[in-house]
Amino acid sequence: MVKATTNDIWVFGDLRNRHLLDLSLKVVAKAADLARKTGDRVVYFSLTPAGTGLLTVSEDEACTIQGTVEEEAIAWGANVIYLFENDRFSTPTPHLFADALAPVFKEQCPRLVLFPLTDFGRDLAARTAASARAGLIADCVDLRPGEAGTVVGLCPAWGGEILAEITYAAGRGTGFATVQPHGEPGEKDTTRSGRIERLALTDIPETKGIRMVSSRPAPKTGNDVESAQTVVVGGAGLGSMENFGQVRQLAAALAGQAAATRPPVLNHWIAEDRLIGQTGKTVCPNLLFSVGTSGAIQYTAGIMGSGTIVAINRDPAAPIFRLADIGVVADAPTFLPMLISRIRQTVMRRLADDICTDMPVQLKKRSGGEKIRTLREAQGWSQEQLAETTGQTPEFIAGVESGDISPPVAFFLRLSGAYGVDPGTFLREEEKERFRDQRTQAYVNRTRNYSYETLTSGAEHDHLRAFMVTIEPHHDHKPVAYKHEGEEFIFVMEGELEFTLGNRVHTLKEGESIHFHSNTPHKLKSLSAEMTRCLVILYTI
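Worth saying up front: this structure is predicted, and the values here are computed from it rather than measured. (Residues numbered from 1 in each chain as written. Predicted model: local features only at pLDDT ≥ 70, side-chain atom pairs only at ≥ 80, totals over all residues. Heavy atoms only, no water.)

Observations concerning the overall build of the protein chain
Check the secondary structure of the protein chain and you find 14 helices and 25 strands. By residue count, 46% of the 541 residues in the protein chain fall in the buried class. Partitioning the contacts of the protein chain with sequence separation of at least 6, the portion at a separation of at least 24 is 65%. Accessible area for the protein chain stands at about 27000 Å²; split by element, carbon and sulfur atoms hold 50% of it. (Helix = DSSP H or I, 4+ residues; strand = E, 2+ residues; numbered from the N terminus. Buried < 20%, exposed > 50% of the residue type's maximum accessible area, 1.4 Å probe, protein only. Contact = heavy atoms within 4.5 Å. Areas by Shrake-Rupley, 256 points an atom, 1.4 Å probe, with all protein chains shown as cover.)

Put into structure tokens, the structure is as follows:
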């Protein structure tokens, strides 16, 4: 005969780190919402070493929170807190916890025991349910009251196309469930009160054949999709690995993280640790792009906490549009290149405003430098790579990013080229006019100088111009006193040229060439006994 259950809904609290605790508290909020409808009581329980409410995740590193675990659990809806104590709980493992909890559940007979849907929660739920010979509803999106006082779990089925309604057999005692800790978070009320009890658990059997060898927290990286403020998720609708590459480009343009639904992971378009959904990771960014995803429940369960959701799908009836704040009905591989281009232009325009507008100097340096660092890291560039691309030194890049150096406009224009954006597509008209005036003046200055022979007559307003430069034997070239933003190409037609670019000296023989940023200091000298003649192509902004 099965012992009758109490009107208690128990929720397991995972104390290994702050993130896992937050997931547990979200399940507490769901349990509180169910309890309001069924008249049950919510009991939060954790297993902890004697004398503390926290478990350490490494030496001297604890799960830090505002207040205490008990206070937070009560604020999210728990009526009673049970802290089960034993010094062996300092090393949390599912088999140890299951052995400790089995007699507790047998004695207390709660109506439901809920676990957050994590790897640890799944393992612990399965072990405790098997020990109690009770039913386990796995992967619940939500719980609601059923007929005749039953509780119904809503679980994705048939590839997420439907929500199956599952309940427990009558008279079978405590029911167990793993619950998605997402969706509406409920209301946190710090004025709530509850009862807190510390209970010592003894006589826990020793587990044979299993022991903890070592444990350490995963290193924090800048590529953590779960903590990213912007996430771009690609789905099967992208059709190929090449098209899925546009998801990475969009994520890089937004300084965000790329992720995926199950099909791209199975096709090896992206690593499995980027999987979003019920069997993967859960994200809650401020901005989420869902590209080529149908919107199956197993996927959307992992994005419910997102701020603004933008969906792109060619099927206007796709379920993802019911969840999205902004929907774009379009073929993703066709639409994404245009979107990426426009985002890059906007990024560079805002960066230009930070660098060039009349804001306070300290604010300008700080905001511009931070954005340049964010842009560089999003592209996967090192400081050395960006320095080489922009014709600067790594020390210069470090100074710009720290705010110690205010970069010239030339650096900004080179950065836009490295970023793949033509400055002419985002500069304001007054800025374009200023550069046009500079081009005109440069053209006039060069054509007046005897050593410059223009090959593009009437090109004073053009971006692209060509000159023939003649240098006397063994003489330095006397440059025109003009600096411009853009690029330059030199091809040696006759003779031998010594070309100094910055601090580096190059020797170019007939038929050889060099390409460089025009604003980098440079000098030309003839090394031959005859005239040295060079074709010079200028591209200016």
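Still more to cover.
Some thoughts on the environment of Asp 203
Mapped onto the elements, Asp 203 comes out in the loop between β12 (195-200) and β13 (230-234). For Asp 203, a relative accessible area of 76% gives the class exposed. For the pair Asp 203 and Asp 99, spaced 104 residues apart in sequence, the C-alpha separation works out to 9.9 Å.

A short note on the packing of aromatic side chains
For the coordinates displayed, the defined rule picks out 17 aromatic pairs. Considering the side-chain rings of Phe 12 and Phe 120, the 6.2 Å spacing of their centres and the 15° angle between planes classify their relative orientation as stacked. Of this pair, Phe 12 sits in strand β1 (residues 8-12) while Phe 120 sits in helix α4 (residues 119-132), and the two are 108 residues apart along the sequence. Overall, Phe 12 belongs to the buried group, its relative accessible area being 1%. Ring pairs connect the aromatic residues Trp 10, Phe 12, Phe 45, Tyr 82, Phe 84, Phe 89, Phe 97, Phe 105, Phe 115, Phe 120 and Phe 176, which therefore count as one cluster. (Phe/Tyr/Trp six-rings, centres within 6.5 Å; stacked < 30°, edge-to-face > 60°.)

Brief notes about the sheet that holds strand β11 (residues 175-179)
One open sheet holds the 7 strands; their spatial order is β7-β11-β6-β1-β2-β5-β12, and the pairing between them is parallel. Each end of this open sheet is capped by a strand with a single partner; those strands are β7 (136-140) and β12. Adjacent strand axes in the sheet meet at a mean angle of 20°, parallel and antiparallel pairs treated alike. Here strand β6 (residues 112-116) runs beside β11; their pairing, made up of 5 bridges, is parallel. By the bridge assignment, Leu 112 is partnered in β11 with Gly 175. Packed on one face of the sheet, helix α3 (residues 94-108) meets β1, β2 (41-48), β5 (80-85), β6 and β11 and runs near 150° to β2. (Pairing = 2+ DSSP bridges. Axes fitted to C-alpha atoms, helices over the stretch in contact; angles between N-to-C directions.)

Let's talk about helix α1 (residues 18-38)
For α1, spanning 21 residues, the distance from its first C-alpha to its last is 30 Å, which sits close to the expected 30 Å at 1.5 Å a residue. The N-capping residue of α1, defined by a side-chain oxygen 3.1 Å from the backbone nitrogen of His 19, is Asn 17. Backbone geometry just downstream of α1 places Gly 39 in the positive-phi region, at approximately 80°. (Expected span 1.5 Å × (residues − 1). Polar contact = N/O pair within 3.5 Å; in protein donor to acceptor, adjacent residues only side chain to side chain.)

So, the nonpolar core
Formed by 38 residues in total, the largest nonpolar core has its most connected members in Leu 250, Phe 289, Val 291, Leu 336, Met 348 and Leu 415. At 8 residues, the largest contribution of residues to this core is made by helix α9 (residues 332-356). Apart from the residues lying within four places of it in its own chain, the contact partners of Leu 250 are Val 232, Phe 289, Leu 336, Leu 339, Ile 340 and Ile 343. With 31 residues, the next largest nonpolar core counts Val 11, Val 27, Tyr 44 and Val 151 among its residues. (Core = buried A, V, L, I, M, F, W, Y, C linked by side-chain atoms within 4.5 Å.)

Re the sheet that holds strand β22 (residues 504-508)
What the 3 strands build is an open sheet, ordered β22-β21-β24; its pairing is antiparallel. Looking at the sheet topology across the chains shown, the edges are occupied by β22 and β24 (522-526). Averaged over all pairs of adjacent strands, the angle between their axes in this sheet comes to 20°, without regard to strand direction. Where strand β21 (residues 497-501) meets β24, 5 bridges bridge the pair, whose relative direction is antiparallel. Bridge pairing links Thr 500 to Lys 523 in β24.

Structural notes on unusual backbone geometry
Positive phi values are uncommon outside glycine, yet Cys 109 reaches one of about 50°. Position of Cys 109 among the secondary structure elements: in the loop between α3 and β6. Owing to a relative accessible area of 8%, Cys 109 belongs among the buried residues under this scheme. One non-glycine residue, His 268, lies in positive phi territory at about 65°.

Structural notes on the confidence of the model for the protein chain
Low-pLDDT portions of the prediction should not be read for the details of their coordinates. Residues with a pLDDT of 70 or more make up 82% of the protein chain, whose mean pLDDT is 82. pLDDT under 50 marks residues 55-66. Its contacts with residues more than four places away, or in other chains, come to 28 contacts. Low pLDDT, under 50, characterises residues 358-366; the predicted model gives this stretch 11 contacts beyond four residues in sequence or across chains. (pLDDT = per-residue confidence, 0-100.)

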